[in-house]
Amino acid sequence: MDIAWICKDPYAFPKISLWGRVMKKLGVCTIGLLFLWRALSCVDNSNLVIATIGVGNSPAGIAVTPDSLFAYVANNNNDGIPNGDCVSVLDLTYNTLLTTIHDTSFNQPYTITINAAGTKAYVTNSAGSSVTIIDLATNKVIGTINGFDGPSGFAITPDGKHAYVNNYGASGGAGSGEGTTVNVVDLNTNAIVGSAITVGQAPEALAITPDGKYVYVVNYVLGAIDGGTVSIINTSNNTSQVTAISNLSGPFNIVISSNGEYAYVTNFGNNNFSPVGTTVSVIRISTNTIVDTITLGIQPCGIAITPDGSYAYVSNYSSVYNGDGFTDLVSSQGTVNVIDLQTNGVVSTIIGGLGLAPDAIAISPNSQFAYVSNYSSNSVSVISLPSPLYNVDRMMPPYNLQIGNTTTKLNQAGLL
């Protein structure tokens, strides 16, 4: 775009009609130039960490509301801090902590899932036997769903009527990592329905195909190299192929493409952090076979696909135990890999600005940002995603605030 043309006609750029009036009143082209430069500079921020938000202890699961305005973070409280089992609510307009939700039902919150309507969030309590329900209009706990065993994942069916919850196992039940079942929940009654469905050992995460016909469950199986599996549940009768896919290495998370053609599984590696995993397995849904393996960083963990289905963002946990018996855990600055899903090739690695042990990752529905929970840094990193030129909505919140303040002052001075 010709900058001289913008200066000549301040109304020519539709996104800055407000500033056009300002320039017309003040006769100052410099403001228009600064505004255009700020809009253009947003493009340079693509795939970079632009903000860090402090949250609770050991943030794990994270979910963004359908309107892209808020994020909810499950704080796993691995350090056992009193009253540390909680959920952080983030204001994504200003990238700040809005409030913290506390409730006696929380027991090492692990994942958080928001329904399609954006009205409720479901928090799995990994050290207990319940799922906590939060009303997003009030940010208050409105109930629990009971009867699980170390729940570590919650997937809602496309019609919104049911959810599938995997039981990883907890000390009060089968034992951590010893669970072998998935429960079905009726979301109208908030109660478990039917019998538990048998899957593989230590079901860590699960995802539902877009048509709602199948649930894919990744079974960690203590992280043995090539010992992990995927179980597939037929939702029409809730029967399961316990070992439908094998030869995964500590499968930790799973996401299914929006067209339902592929599933992507992160291979975290062994549960004592040695040997570590470094790959993502690509599963063709039609044949239930692994068709590709993508090499990434150390301990691929969280994974999310952009709304347009073009890219997958994967966090690399990058933590090891230096001592025997799970002692002396040392976390380093992790990374995020960006995968082109057309070629299954890594096109970018995001390093600067991430915290220690990046865990879960969520992408805003408006495709503007990715949010990564840093388990050992008690923070969330905000990554700006590639976006069209001149998209003023991508502007960083502090600048939007400056615009608002300036508009108020100009109005007070009678210049607008």
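1. Points about the overall build of the protein
At step 1: Across its full length, the protein holds 4 helices and 30 strands.
At step 2: Restricting the contact set of the protein to residue pairs at least 6 apart, pairs at least 24 apart contribute 43%.

2. Re the nonpolar core
At step 1: Ranked by internal contacts, the top residues of the largest apolar core, which has 16 residues, are Ile62, Leu90, Tyr371, Val380 and Val382.
At step 2: Elements supplying a minimum of two residues to this core: β1 (48–54), β2 (59–64), β3 (70–75), β28 (358–363), β29 (369–374) and β30 (379–384).
At step 3: When residues in this core are grouped by element, the largest group, 3 residues, is from β1.
At step 4: Residue contacts for valine 380: discarding those within four places in its chain leaves Ala51, Thr52, Ile53, Val55, Ile62, Val73, Leu90, Tyr371, Val372, Ser373 and Asn374.
At step 5: Formed by 14 residues, the second largest nonpolar core is a distinct cluster that contains Ala205, Val230, Leu248 and Val265.

3. Concerning the sheet that holds β3
At step 1: Read from one edge to the other, the open sheet built from 4 strands follows the order β2-β3-β4-β5, with strand pairing classed as antiparallel. The outermost strands of the open sheet, each flanked by one partner alone, are β2 and β5 (96–102). When strand polarity is set aside, the average angle formed by the axes of neighbouring strands in this sheet is 25°.
At step 2: When β2 meets β3, the two strands line up antiparallel, connected through 4 bridges.

Conventions used here
- Residues numbered from 1 in each chain as written.
- Predicted model: local features only at pLDDT ≥ 70, side-chain atom pairs only at ≥ 80, totals over all residues.
- Heavy atoms only, no water.
- Helix = DSSP H or I, 4+ residues; strand = E, 2+ residues; numbered from the N terminus.
- Contact = heavy atoms within 4.5 Å.
- Core = buried A, V, L, I, M, F, W, Y, C linked by side-chain atoms within 4.5 Å.
- Buried < 20%, exposed > 50% of the residue type's maximum accessible area, 1.4 Å probe, protein only.
- Pairing = 2+ DSSP bridges.
- Axes fitted to C-alpha atoms, helices over the stretch in contact; angles between N-to-C directions.

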